[in-house]
Each structure stands twice: as C-alpha cells, then as structure tokens.
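What the coordinates show
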Amino acid sequence: MTNLEDALSEIDVLAATGVTDTAPTKSALDDKINEHFAGAVVRKDLVKAVRGNAVVPSYVLEYLLGQYAASDDEATIQAGIDSVRQILATHYVNRNEHMLVKSKIRSKGRHRVIDRVTVTLNEKNDVHEAEFENLQVKGVIIDDVTVKQNPKLLVGGVWCICDIEYFHSDDQRVVPWILGSLKPIQVAGVDIDLYHEARKAFSTEEWVDLLTQSIGLNPEQFTDRGKLIALTRLIPFVERNYNVVELGPKGTGKSHTFSEFSPNGILISGGEVTVPKLFVNNASGRIGLVGYWDCIAFDEFAANRRADQNLVNVMKNYLANKSFSRGTSIFAAEASMAFIGNTTHTVPYMLKNSDLFDELPDAYRDPAWLDRIHHYIPGWEVAPIRSEMFSTGYGFVVDYLAEILRAKRSEDFSDKYKHYFTLDSSVSTRDQDAICKTFSGLMKLVHPTGEATEDEVRALLEFAIEGRKRVKDSILRIDATMRDTPVHFRYADVTGAWHEVTTLEESQYPQLYRRNWDAVGSGDDEVAPVPGESGPAGPVGDDASGATAPARQADVPLAEGHQDFSAGQKGVSYEKILLPYLCGASKITITDPYIRMPHQGRNLADLLSLLATAKDDAEEIDVVLVTTEQPKAEFKQSQLLMLKAIKDASDAVGVRLSVRLDDTIHDRRIETDRGWRIDLGKGLDIWQRTGDNPFDFGRNRQEFRLIGSAFTVHYVKIPVTPEVAATL
C-alpha cells in the first residue's frame, strides 16, 4: 500500500498536465511592455525552456535571459535561448558532476563556473575563504576588496559567475583552487526616472497585469483581488522593516516569490535560524542576516512546533523597534520579515475553535509578538497553482524589478491617502503604522510616482486596513486584556461619511467571526449574534442562499437492511441512499478499487461535496479513500492527477481527503465512526455514462441518470469504540 503523495512524486507533473513549448501569442499589453521597457523585460515562459536540470533560482536564469533574449523578436529569442542553454551546459555546476568539473579545471588550468558562493573569515590565517556549494570546494582565498563590495557573500551566499584556476603545490596545506574573478549575478544599476516616466504610459489595470506577469503569474487567471494578494508578497522588498504573515493551504505559491524573485531576499526554514545567524554573533560581533538582506522569509513557519524563546524575545524587539540588543551593544537593521506556512484547518474551523494564527508555534502566538505583524495575507483565498496560472507574457527581468524596488525602499508614501481619507481616532498608533506601511508599499508598487485617483487610493487603503484588522481581531481572541479599548477599523472621506472595513471571512461567516466578549466569563468563547437576528440563523440544513441542504442524520430514521436497484432505474442519488448514514460522522473510509476514470472521479467528488454541504461550516471530516492504481502506465498519471485535484478541492471545504493505493482490495464499502458500514455491490460507479449533450440534466443531477446494472446496497450496524461512543 502506498499513499497518493508518494505516487505523485514518481511522475513529471508538468509533463502530465500537457505543458508545451510552443511560442505564445503576444497580446497588446506585451507589445506595449516591449515598447516602453525594451531590454528590461523577458518572456516569462522562457525560464522553463532553459532551466533543464539546473537547480538555480529564476532570477539567475532571467539574468542570463536578460543578457541574450530580452527581445520580442522570435529569432532573437530562439538564438538567446540557445546561448543561455549553452552557457548553462558549459558553466553551471551540477552537484552530482562536481568531480567532472574539477577535472576539467585541472586539465584546462582555468574554467568559468556558475555556482552559489559563501565566504567565511579564517581568523587563524586572517584571510577570507570562499566555498562553492555545488562544486564542493572550500578554502579558496578571496581578496578583501571583493568581499567588501559584496557583503552578502558572508551571510547566506550569492550566485556568481566565477573564473576558477588550478595550481597544485607540494604543500598539503595549500588549496590548489585559485579564484581568478567573481561577478555576482545581479544588474549593475537601474534608471528610476525612466521607470517612473514609462509608468505613465500604462493604465493602473495594465500596470498591475505587468507586475503580475513579472512575478511569473498569468493575470487572466486571477481576479483583481487575487492580483493584489500576489503583489502584497512584494511589499517586504519595497518597504523597510515590514512584517507580514501568510498562512494558507499547500501548493498556492506562498514561498515562490521569496525563493525565486529577488537576489535581495533569502528564504530559510523556520527551524534553521538561530539568534547568532539572524541577528548577531556575540563571539565574533558579526551582524547576521538582518544586516545584509532586504527581506528574510521563514518557510514552513507553522510546521516548526519548537521555538527558541530567546529568539522570540529578540525578534519581538526587532519587529517593533527595528533594532535589537546583544551583549552591551544595540544594532539597527532594515530587513523586512515574512512568515509563511501551511494551514491544516479551514477558516470556519479556525474561527470557531481558535483564531487565524492557530497554526503558529505556541511561542509565536504571544499577543505582543503578533501585534508587531503589519499585515495578514489570507492564503486560503489563493487557488492551488496550476500550469495555466503561469505567465507566458512579458514581464520585467526580476533582477531589474528587484533593484527598482530596492531603490524605492528609501521613499515614504504612507501619507498619500490623507488627501482623501482619515482613519478613525480609535485606531491605535501601532495599528496606524501597520496600515500605513502596507498602504505605502502598495502605492510604491502600483503607483510608483505617488500619483493616484481617489478611488485607486481607496482600494489600496481598504486592503491595507483589512489585513491589519485580520491581525487585531485574532489577537482579541487570544488576549482578553486588549478588548478593553474597542477599535473601529473605518475611515472617513472628505464629505465626513464613514466607511467600515471588514475582512472577507467576517462577511462570509459573521456568526463565527464576531464574539460576544461579555459572555466569555469562564474562558469559553461564545459567538455573537448577527445584528438583526433574534434567534438561530435558520433550520438545520439551510444555507445562506435559502436553498435547502441535504437532510442530516437526525431527520431520517436509520435501520439495518438492504435496498435493491434495477438496471435502467432513475431517481437514485447518493443524497438518498448514502448521505443519511454518513451525516454526523467525523471519519469515513471509502473502499472502492475503481476510482480510475474521469466519470468515477466525478462520482467521488459528488459524494464529497454532499458531505461538505451537509456538515456545519466550522466542522471538518476526515475521509480515507482506499482504491487501486491504474495498471497501465499511460493512464496512471491521469488517475493520480485526478485524485490530487479532487483532494485539493475537498480539503478546501473541510472534507480532508487522504488516498491510499492498495492493489489487493476487492470489496466495495463505506465505514464510518458512527457505527455504520455500507456494503456497495457496484461501488460508487452505479450509473450509465451521460450522453454527449452538454446540457443533459444528468451531468449535474444524479436523479436524472440511468442505473447501469442491477445492484444491492446493504446497511450494517457495527460496534463503535468506547472513545467514539462517549462523543455520540
């Protein structure tokens, strides 16, 4: 038996989804981009075309593409691709071929390599020594001038183009490798005035699409709000000392921007950082990562359940004051910090049972630490990345844009909204600072000249307020002492009219989001009633639209027995024959060896969607599917990708699906932790396939489908464990 994740790791997902190398059709926006930013833009799908097996960040590849393929002429692009491929084939050091490259350097005497270089100070010999990550060479002497010009070599390492020489000595203490030259892979400089002037030729919508394409995303696949969320990830690169959190489902591209976008940022695992590495080493007095990088992103931050309390305390001071003390010295730095991680629960579940910071390590759920966060990006609003979501249009060479953003870090646009709007006086200084920093960052990105209309300013201000409100409302759930001073997240326009700002989840789940703090006397949170409602939201099973959801278990008498169904019969649905026995279960196991074809996957998705509709929004159900793997290799990929897509959709609505592949199973049944087993004669695949008519009612409603062949369903009562029985 194997699980779905292990099976997926054995296939090429991009190849299986049909990604092609055909040249895309240029849009009017692409022509405009090339007209105003000639030489500073590149077609974004070219990165995949040249990457091959080179494990390097996108900005390294785009740096090379910017040298050879920054054009909209197809012949020039193809020649540039060939040149970059040749450069990578000749000079990129593949880790598993390091001995071959070393031998080449020895035989030639000198060879150029592309590798990640880190420098350390050898205090014993009073020299700086370079280490080449993929070449696996260390102790190479590097001159002090080069180190002084590129201080990031000392912290985290930098991708470089280097000339390495070989000279053997009989003295075993002498390293035979000699550094001939070193050039970091980054642009030398940018013309910020030209950038501002060219911005005037684009509408706001066009400019946002250009930025979206520049970070590798296809703007046609995103809403205006989705684009704004994606661009918010860039604020740490353009705003000094900006602190942002993004928590959301797996596979939404949270870490992509921080790992691939800029040579001015570094992505580290949340569990790999220490106080000396991040801030300052007391022994050597050398400042850590915050002194060299514009943005430090902590990946898988939520997965690190253990945390150094000393690190939390030092970080807390730095996030608030832009400085930190170690020993007797006080240091200041400008690095922004991004904390990204995965959520395992749905938003309504977190709202009912805890707060939106539920996934963070306990040490970081300190209200004082959380209050330093300027913005909370709602990662659950971002769809899992699919192949069509990657851009094939033109965007800035990311290294060029990274230098533009770095140049604008010294500017301050935080007061640009004050010409039109005023924040409520109840908004605290810290809340105002957070809102202003987010607004300033978005203005620098979308309106780099600082000029924007009232409506454009309003959109960015509301988004900035919403992100801070999401932080503050979660803190109120954690710390009762902060509820004494109510905060009204609203603003007034020039006419004096007030505009309330709410988060999307507050509007979507008002009864879960709002809390009646006066009723929380014993420490148990109670949901506040929605204004205008004097009683329950409605009868059980009613959704917000007024449509009636499937009946719950309590509404239907359940009994052991069986039901027979005949071929050609209509009016049969999972809602009638399965759902009454599944409602109320928190764990369900579905065993069916034939979930292979698209229509069989559709049947499974239909059942899971019924479970999602029948449960309360704040509940979660664990569903285990045990099925068999397609024996034919040509169909195996499509089956696994189908199951992955169903899992992604199901997990997003609180029906957490796990898939086990077991080629020994034959029975077809469903078991629940509520004491029922349903023996399925034909499994879930009970209907004839629908016709070619795209408007056939049977495509969307099971009741209109014809039963394929006769079968029987048996309902059997099974013993329930004492632990489960105690909860019934």
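Worth saying up front: this structure is predicted, and the values here are computed from it rather than measured. (Residues numbered from 1 in each chain as written. Predicted model: local features only at pLDDT ≥ 70, side-chain atom pairs only at ≥ 80, totals over all residues. Heavy atoms only, no water.)

Details of the overall build of the chain
- If you tally the helices and strands in the chain, you get 27 helices and 25 strands.
- For 728 residues, the compact-globule estimate of 2.2 N^0.38 gives 27 Å, and the chain sits close to it at 29 Å.
- For the C-alpha atoms alone, the extent of the chain along its principal axes is close to 85 × 65 × 55 Å.
- Scored against the burial criterion, the 728 residues of the chain give a buried share of 50%.
- Counted over contacts in the chain with a minimum sequence separation of 6, partners at least 24 positions apart contribute 74%.
- Carbon and sulfur atoms make up 49% of the accessible area of the chain, which amounts to about 33600 Å² in all.
- For the chain, the distance from the average position of its 81 positive side-chain charges to the average position of its 106 negative side-chain charges is 3 Å. (Helix = DSSP H or I, 4+ residues; strand = E, 2+ residues; numbered from the N terminus. Rg over C-alpha atoms; globule rule 2.2 N^0.38 Å. Buried < 20%, exposed > 50% of the residue type's maximum accessible area, 1.4 Å probe, protein only. Contact = heavy atoms within 4.5 Å. Areas by Shrake-Rupley, 256 points an atom, 1.4 Å probe, with all protein chains shown as cover. Lys, Arg positive; Asp, Glu negative; His and termini not counted. Charge placed at Lys NZ, Arg CZ, Asp CG, Glu CD.)

Considerations on the environment of Leu706
- By the secondary structure assignment, Leu706 is in the loop between strand S24 (676-680) and strand S25 (711-717).
- Residue Leu706 is classed as partly exposed on the basis of its relative accessible area of 31%.
- As a C-alpha pair, Leu706 and Thr2 span 704 residues in sequence and 35 Å in three-dimensional space.
- Setting aside residues up to four positions removed in sequence, Leu706 forms contacts with Gly568, Gln569, Lys570, Ile686, Trp687 and Gln688.

What about the sheet that holds strand S17 (residues 490-492)?
- Reading across from one edge, S16-S17-S18 is the order of the three strands in this open sheet, with antiparallel pairing throughout. Sheet topology places strand S16 (422-423) and strand S18 (498-500) at the edges, where each strand pairs with a single neighbour.
- Relative to S18, S17 runs antiparallel, the two being bridged by three bridges. Within S18, the residue paired with Arg490 across the bridge is Glu500.
- Helix-sheet contacts for helix H20 (residues 454-478) involve S16, S17 and S18, and the interaxial angle to S17 is about 150°. (Pairing = 2+ DSSP bridges. Axes fitted to C-alpha atoms, helices over the stretch in contact; angles between N-to-C directions.)

Describing the confidence of the model for the chain
- Of all residues in the chain, 90% attain a pLDDT of 70 or more, and the chain-wide mean is 87.
- Confidence over residues 13-20 falls short of pLDDT 50; this stretch has eleven contacts with residues more than four positions distant or in other chains.
- Counted against residues more than four places away or in other chains, residues 529-554, with its pLDDT under 50, gives 31 contacts. (pLDDT = per-residue confidence, 0-100.)

Remarks on the pattern of salt bridges
- Tallied over the entire structure, the rule returns 46 salt bridges.
- A salt bridge links Lys200 to Glu197; its shortest N-O distance comes to 3.5 Å.
- When its relative accessible area of 56% is taken as the criterion, Lys200 is described as exposed.
- The partly exposed category is assigned to Glu197, whose relative accessible area is 48%.
- With its nearest N and O atoms 2.9 Å apart, the salt bridge here joins Lys408 to Glu411.
- Salt bridges here are not isolated pairs; linked through shared partners, they connect Arg225, Glu381, Glu466, Arg470 and Glu505. (Salt bridge = Lys/Arg side-chain N within 4 Å of Asp/Glu carboxyl O.)

Brief notes about the side chain of His98
- If you trace the backbone, His98 turns up in helix H7 (residues 98-108).
- Within the structure, His98 has its side chain in polar contact with the backbone oxygen of Arg95 (distance 3.0 Å).
- Apart from the residues within four sequence positions on either side, His98 is in contact with Asn134, Leu135 and Gln136. (Polar contact = N/O pair within 3.5 Å; in protein donor to acceptor, adjacent residues only side chain to side chain.)

Quick notes on the sheet that holds strand S13 (residues 336-342)
- If you trace the five strands from one edge of the open sheet to the other, you get S9-S10-S13-S8-S14, paired in parallel fashion. At either margin of the open sheet sits one strand with a lone partner, and together these are strand S9 (265-269) and strand S14 (375-378). On average, each strand axis in the sheet is inclined to that of its neighbour by 20°, with strand direction left out of account.
- Where strand S10 (residues 295-299) meets S13, four bridges bridge the pair, whose relative direction is parallel.

Describing the environment of Leu360
- By the element assignment, Leu360 lies in the loop between helix H16 (347-353) and helix H17 (367-370).
- As a C-alpha pair, Leu360 and Asn342 span 18 residues in sequence and 9.5 Å in three-dimensional space.

Topic: the packing of aromatic side chains
- In total, this model carries 33 aromatic pairs according to the counting rule given.
- Here Phe339 and Trp369 contribute two aromatic rings whose centre-to-centre distance is 5.0 Å and whose plane-to-plane angle is 70°, an arrangement assigned as edge-to-face. Within this pair, whereas Phe339 is found in strand S13, its partner Trp369 is found in helix H17, the two being separated by 30 residues in sequence. A single burial state applies to Phe339 and to Trp369, both of which are buried.
- On the basis of an interplanar angle of 75° and a centroid distance of 5.1 Å, the ring pair of Phe421 and Tyr491 is categorised as edge-to-face. With a gap of 70 residues between them, Phe421 in the loop between helix H18 (398-407) and S16 and Tyr491 in strand S17 connect regions that are remote in the sequence.
- Its relative accessible area of 0% is what places Tyr491 among the buried residues.
- Among the aromatic residues, ring-to-ring pairing joins Phe37, Tyr195, Phe202, Trp207, Phe396 and Tyr400 into one connected group. (Phe/Tyr/Trp six-rings, centres within 6.5 Å; stacked < 30°, edge-to-face > 60°.)

Remarks on unusual backbone geometry
- Even without being a glycine, Gln136 presents a positive backbone phi close to 60°.
- Structurally, Gln136 is set in the loop between strand S4 (127-132) and strand S5 (137-142).
- Judged by its relative accessible area of 38%, Gln136 falls in the partly exposed class.

Here's the deal with the nonpolar core
- Formed by 87 residues in total, the largest nonpolar core has its most connected members in Phe37, Phe396 and Leu461.
- Of all the elements, helix H19 (residues 429-446) adds the most residues to this core, at seven residues.
- The residues touching Leu461, leaving out its near neighbours within four places in the chain, are Tyr417, Phe421, Leu423, Ile435, Phe439 and Tyr491.
- Of all hydrophobic cores here, the second largest spans 47 residues; its members include Tyr292, Phe301, Met315 and Val471. (Core = buried A, V, L, I, M, F, W, Y, C linked by side-chain atoms within 4.5 Å.)

Details of helix H25 (residues 598-614)
- Its 17 residues place the ends of H25 24 Å apart at the C-alpha level, agreeing with the 24 Å of an ideal helix rising 1.5 Å per residue.
- The buried count for H25 comes to twelve of 17 residues, which makes it a mostly enclosed element.
- All buried positions along H25 are accounted for by Gln600, Gly601, Asn603, Leu604, Ala605, Asp606, Leu607, Leu608, Leu610, Leu611, Ala612 and Ala614. (Expected span 1.5 Å × (residues − 1).)

Considerations on helix H5 (residues 58-68)
- With eight of eleven residues buried, H5 lies mostly within the body of the structure.
- When we look at burial in H5, the residues that qualify are Ser58, Tyr59, Val60, Leu61, Glu62, Tyr63, Leu64 and Leu65.

Examining the side chain of Gln213
- The topology assignment puts Gln213 in helix H10 (residues 204-214).
- We classify Gln213 as buried; its relative accessible area is 7%.
- Those residues within four positions of Gln213 in sequence are excluded, and the remaining contacts are Leu29, Asp30, Ile33, Lys44, Pro219, Ser391, Gly393, Tyr394 and Gly395.

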